[in-house]
Amino acid sequence: MSSADQSHQAFMAHALKLAQRAWGQTHPNPMVGAVIVERGQIVAEGWHHAAGQPHAEIEALQALGRKPAEGATIYVTLEPCSSCGRTGACTTAIIESGLRNVVVGAVDPNPDHAGQGLALLRAAGVDVVEGLLAQDCTDLNLIFNHWIVSHRPLIAAKMALTLDGKFAAASGHSQWVTGEAARADVMRWRRYFPAIAVGANTVLRDDPSLTSRIGESTWCPRRFVFDRSLRTVRETRWPQLYTDAHKGRTTVLCGPAADVDLRGQLTAHGVSVWELPEVDGHLDWEAFRKRCAEEEICGVYVETGPTLASSLLERQLVDYAFIYQAPKFMSDCATPGIGSARDTQSMRDALQLNHVRHAILGEDILTRGSF
């Protein structure tokens, strides 16, 4: 790799780090970073902070505060937008600034806009290079990429397993399958998603808070509990999801036959309730997706136990998976694991992850990818 190529990648890598400063804060917009380079030096930078605020390219141009020098280049992690929206088209701002060199990471995933921004820039005489660190730039916006194409929330299943696919000991004890580094990474992804969901079994067993705790900062997403018959409400001591300072961020999902009085207790306590239809004895996840889409909840991080994980995988209701695997064996047929209903006769029947990424987290390994 030439020194020029290394410089190109270094500038785009810096733009990616800038974009990540808004980790989980831009929904339903993408995270984007931009840097302006003159004579091999970064002279201005910017990133998109939140929906409705200036885009990364505008931030960088405003930070520069003057006309770019001749030969200057702007590096952007995502194709500049070509439609006006709330903040104006970034392609127009780039052309009017006098910039004549643009390097782009990922192309806009929106099929209605993909490539249009690049075409407009080229038509105006701007030299455009696309695809630099494209995989990393695309991976940055998993939720946006899915939402803008399908208009449906990205449903991602997270699971922590031993090497033989077990979630817990035979007694149900599961703290902890993975180590501190993996658990810290879960907190990071909790912050990325606008919503987290768990099943009633997890609530009854672990009494989770479902907040993202990074350093001294605590952030609470929307929290969903799948509890078809409201078992979690029948307990003498309610779980903290229904009683803590963030209880207004909690929604319990129940079936049509769920007790009306128990629903009323939740709503009187400030916890919302969504009734979902049932399909084959399960709450209807397609109805859940539709309700989330109506409320512009564009991604849900589902923290699964063995029952919920098996159900979602076997019914192919998951778009993405985060699988944390610890170097441990339970080697016990009584311990809960994945799988119950599928009768696979061939490796061709396996559920395949695509666009796979791996990370080593202490002694554990994260494997993630899309279905």
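These numbers come from a predicted model, not from an experiment.

**Student:** Would you mind going over helix α6 (residues 142–150) with me for this structure?
**Tutor:** For the α-helix, the turn length of 3.6 residues means that residues three or four positions removed from each other point alike. Where α6 is concerned, the buried positions are L142, I143, F144, N145 and W147. Two residues or fewer past α6, H151 is found with a positive phi of approximately 60°.

**Student:** Hey, could you run me through the nonpolar core in this one?
**Tutor:** A general tendency of soluble globular proteins is for nonpolar side chains to be buried together. Grouped together as the largest cluster of nonpolar side chains are 78 residues, with contacts concentrated most on W189, F193, Y242, F322 and Y324. Per-element tally for this core: the top contributor is helix α1 (residues 3–19), with 6 residues. If near-sequence neighbours (up to four positions away) are discounted, W189 is found in contact with W23, L142, Y301, F322, Y324, L366 and R368. By size, the runner-up hydrophobic cluster in this structure holds 26 residues, among which are I155, M159, L308 and L313.

**Student:** Got a minute to help me understand the pairing of strand β4 (residues 101–106) in this structure?
**Tutor:** Within a regular strand, side chains alternate between the sheet's two faces. When you tally the buried positions in β4, you get 5 out of 6 residues, the bulk of the element. In this sheet, strand β5 (residues 127–130) lies alongside β4 in parallel orientation, the contact comprising 4 bridges. By the bridge assignment, N101 is partnered in β5 with D127. A crossover connection joins β4 to the parallel β5 through helix α4 (residues 116–123); in handedness this β-α-β unit is right-handed.

**Student:** Any chance you could explain the sheet that holds strand β1 (residues 33–38) here in plain terms?
**Tutor:** Whether parallel or antiparallel, the strands of a sheet pair through hydrogen bonds between backbone atoms. On the basis of which strands lie adjacent, the open sheet formed by 5 strands has the order β2-β1-β3-β4-β5 and mixed pairing. The open sheet terminates on both sides in strands that have one partner only, identified here as β2 (41–47) and β5. Direction aside, neighbouring strands of the sheet carry axes that sit 20° apart on average. Here 6 bridges tie β1 to β2, and the two strands are oriented antiparallel to one another. Paired with I36 across the strands is A44, a residue of β2. Each of β1, β2 and β3 (73–78) touches helix α2 (residues 56–64); the most contacted strand, β2, lies at about 130° to it.

The rules behind each value
Residues numbered from 1 in each chain as written. Predicted model: local features only at pLDDT ≥ 70, side-chain atom pairs only at ≥ 80, totals over all residues. Heavy atoms only, no water. Buried < 20%, exposed > 50% of the residue type's maximum accessible area, 1.4 Å probe, protein only. Helix = DSSP H or I, 4+ residues; strand = E, 2+ residues; numbered from the N terminus. Core = buried A, V, L, I, M, F, W, Y, C linked by side-chain atoms within 4.5 Å. Contact = heavy atoms within 4.5 Å. Pairing = 2+ DSSP bridges. Right-handed = clockwise from strand over helix to strand, strands pointing away. Axes fitted to C-alpha atoms, helices over the stretch in contact; angles between N-to-C directions.

Purely geometric numbers; function is a separate question.
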